[in-house]
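One-letter residues, chain by chain:
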Amino acid sequence: MTVNHNSGSVLSAVGVSAGYAAGRVLHGISFEVRAGDVIALIGRNGVGKTTLLRCIMGLIKPDCGRIEFLGAPLAGPASAIASSGIAYVPQGRDIFSDFTVRENLFMGAQRAKKGVAAERFDSVLEYFPALRAHLDRRGGVLSGGQQQQLAIGRALMGAPKLLLLDEPTEGIQPNIVAHISDILGRVHESLGLPIIIVEQNLKFAMGRANRFLCMQKGSIAACGDIGELSEDVIAKYLRV
Amino acid sequence: MGILPIQLMNGLFAASTLLLCSLGMVIIFGNMNVVNLAHGEFIMVGAYTAWFISAVARLPFVAAVAGAALVAGLFGAVVERVVIKRFYQRFEETLLATYAISIIMTQIFRLGFSSMKKIVELPVRGGFEIGSMTFPKYNLVIVAAAATAVGFVCLLFYKTPFGRRVRAIRQNRNMAMCLGINASATDTLSFGLGCALAGLAGAVTAPVKIVFPAMGASYLMDSFSTVVVGGVDSFIGTAASSALISESTSVLGGFMSEVYAQIIVLVGIILILRFRPSGLFAKERR
């Protein structure tokens, strides 16, 4: 796969291979995220979608290949990568359960000055008004849907330039899934924020994304505009 | 004055000493999950620094306490950078490494200052009376120092961005890093802070203890059991367990031999941990 380094490139990966002590998971992954993209990263369980996000985030070091973000090589620990403008909402959400909702949100604005963080806090609550009633409750006692909203809100508190979402609909009731989908649509439209969504829920992914990357056995097996996500591709790479 | 009030007062003084000596361990063991077998040696470094500043350099005792916290804290930060950071999440290696550090520190001080005991003069002399009993005024300094230190660390950990960063790393290190928190720098600061508190404890208690190179060993187990009973990462819990352990030992010691009193308290600790394995003030987690 060729990577087009045009001026609209937000993130590009070329030949990225990575894995864990038990073995390599990603094999020569190349792709590009352009300004305005919402990319659905799809594939069956265990093909390496989460590993790819963790690799972008610096939680796993690539064995080879290179990732560039806004024209600069992406390197260093996760904290440096977060500071460069990539926000990550992991599978399972990873809310700080001992912190209040308010504290959780402000944890997302590590580099922001107090006034700026307060402004972002207000705008995040406009996206997620349901959190307003729970600001002083501990994050650990919220429902799954509330935690997911909190996790996305916390990611937005850092004013990211790229958002990585890992299975945002996992274990969440359908009406909240629709709500989260609407909010992501609004966030994308108002901020122009590029997003990579790892998702098993195809309806959700296809409703939000303009492009798709389909993974199989640690490689990109198919990619293209979301309109090109044919029944054949779905049958070949997604159906169990 | 009856024996009970006297023993309660003595228990308060002992609890304050125990609390001062344990606070650093709440940070290093409770929040960073590092079993630091050299904890007592950082107290020893504080005591020696206080001796040097007050007895050799002849500076005021306040300078000795500040200097002790600074020296122990900086030394702790260096130890974290050079040794401890390589062993996070590796329990056995951490035990061995910190045990080695404790021996090395003891021997270095033995070589540098001999095994001769050092005396740190009481900065506050005289006594105060309650009823017919007279207690040393300096005991009040230790109580005030312990209360101030607990207040300081509670404010630091629960009301400042640094404290929230430490607590975030404790709850979920990867996620904290993914939000831009520099976990490595925070670790160094936390470990240094824990050692600074140990150094402060060494300095404040130096005038009522004997300062010598192997003094650290006696602090280690007392601090460890206090922190575990308190709930490992809880400052208030450690304050409560310091009071519970010291007051029980002191009050029981008024009615029986101190040896029996200590045995009863240790059995009590075992029973507490049998029924509340995470300590008295452990947080309920969902």
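This section reports on the structure supplied with the text. (Residues numbered from 1 in each chain as written. Chains lettered and ligands numbered in written order. Predicted model: local features only at pLDDT ≥ 70, side-chain atom pairs only at ≥ 80, totals over all residues. Heavy atoms only, no water.)

**Considerations on the packing of helix α1 (residues 3-31) of chain B against helix α9 (residues 217-230) of chain B**
Residue and element names in this part refer to chain B.
Here comes step 1: In the contact formed by α1 and α9, the axes pass within 8 Å of each other and the chain directions differ by 70°. For the element pair α1 / α9, the angle class is roughly perpendicular. Considering the relative orientation of α1 and α9, their crossing is right-handed. Residues L18, C21, S22, M25, V26 and F29 of α1 form the contact with α9, whose participating residues are Y219, L220, D222, S223, F224, T226, V227 and V228.
Here comes step 2: Its residues assigned to classes, the contact of α1 with α9 shows ten nonpolar, three polar and one charged. (Axes fitted to C-alpha atoms, helices over the stretch in contact; angles between N-to-C directions. Helix = DSSP H or I, 4+ residues; strand = E, 2+ residues; numbered from the N terminus. Parallel < 35°, antiparallel > 145°, perpendicular 65-115°, else oblique. Left-handed = near helix turned anticlockwise from the far one by under 90°. Contact = heavy atoms within 4.5 Å. Nonpolar A, V, L, I, M, F, W, Y, C, P; charged D, E, K, R; others polar.)

**Considering helix α8 (residues 183-205) of chain B**
Here comes step 1: With 23 residues, α8 of chain B should cover 33 Å at 1.5 Å per step; its first-to-last C-alpha distance of 33 Å lies within 8% of that length.
Here comes step 2: Judged by how many residues are buried, α8 of chain B sits mostly within the fold: 20 of 23 residues are covered. (Expected span 1.5 Å × (residues − 1). Buried < 20%, exposed > 50% of the residue type's maximum accessible area, 1.4 Å probe, protein only.)

**Some remarks on the side chain of T49 of chain B**
Residues and elements named next belong to chain B.
Here comes step 1: In this structure, T49 sits in helix α2 (residues 39-56).
Here comes step 2: Look at T49 and you get buried, because its relative accessible area is 12%.
Here comes step 3: Once residues within four sequence positions are removed from consideration, T49 is found in contact with G67, A68 and V71.

**Describing the nonpolar core**
Here comes step 1: Ranked by internal contacts, the top residues of the largest apolar core, which has 65 residues, are L20, L23, F191, V204 and F235 of chain B.
Here comes step 2: Those elements that place two or more of their residues in this core are α1, α2, α3 (61-82), α4 (91-113), α5 (138-159), α6 (161-171), α8 and α9 of chain B.
Here comes step 3: With 48 residues, the next largest nonpolar core counts L105, L142, L163 and L229 of chain A among its residues. (Core = buried A, V, L, I, M, F, W, Y, C linked by side-chain atoms within 4.5 Å.)

**Looking at the sheet that holds strand β2 (residues 23-34) of chain A**
All names here are of chain A.
Here comes step 1: Reading across from one edge, β2-β1-β4-β5 is the order of the four strands in this open sheet, with antiparallel pairing throughout. A single partner strand is all that each edge strand has here, and the edge strands are β2 and β5 (72-73).
Here comes step 2: The pairing of strand β4 (residues 64-69) with β5 spans two bridges and is classified as antiparallel. Each residue of the ladder has a partner; that of F69, found in β5, is A72.
Here comes step 3: Helix α1 (residues 49-56) contacts β1 (9-20), β2 and β4 of the sheet and is inclined by roughly 70° relative to β2. (Pairing = 2+ DSSP bridges.)

**Observations regarding a nonpolar patch on the surface**
All names here are of chain B.
Here comes step 1: Residues I3, L4, L8, F255, M256, V259, Y260, I263, I264, V267, L271 and F275 make up a contiguous nonpolar surface patch of roughly 1,200 Å² in combined accessible area.
Here comes step 2: Of all the secondary structure elements, the ones that give two or more residues to the nonpolar patch are α1 and α11 (258-275).
Here comes step 3: With seven residues, the top contributor of residues to the nonpolar patch is α11.
Here comes step 4: By secondary structure assignment, the location of L8 is in helix α1. (Patch = residues over 30% accessible without salt bridge, like charges linked within 9 Å, V, L, I, M, F, W, Y side chains within 5 Å. Areas by Shrake-Rupley, 256 points an atom, 1.4 Å probe, with all protein chains shown as cover. Salt bridge = Lys/Arg side-chain N within 4 Å of Asp/Glu carboxyl O.)

**Re the environment of G227 of chain A**
Here comes step 1: Looking at the secondary structure, you find G227 of chain A in the loop between β10 (219-225) and α8 (231-237).
Here comes step 2: A C-alpha to C-alpha distance of 33 Å links G227 of chain A and L125 of chain A, two positions 102 residues apart in sequence.

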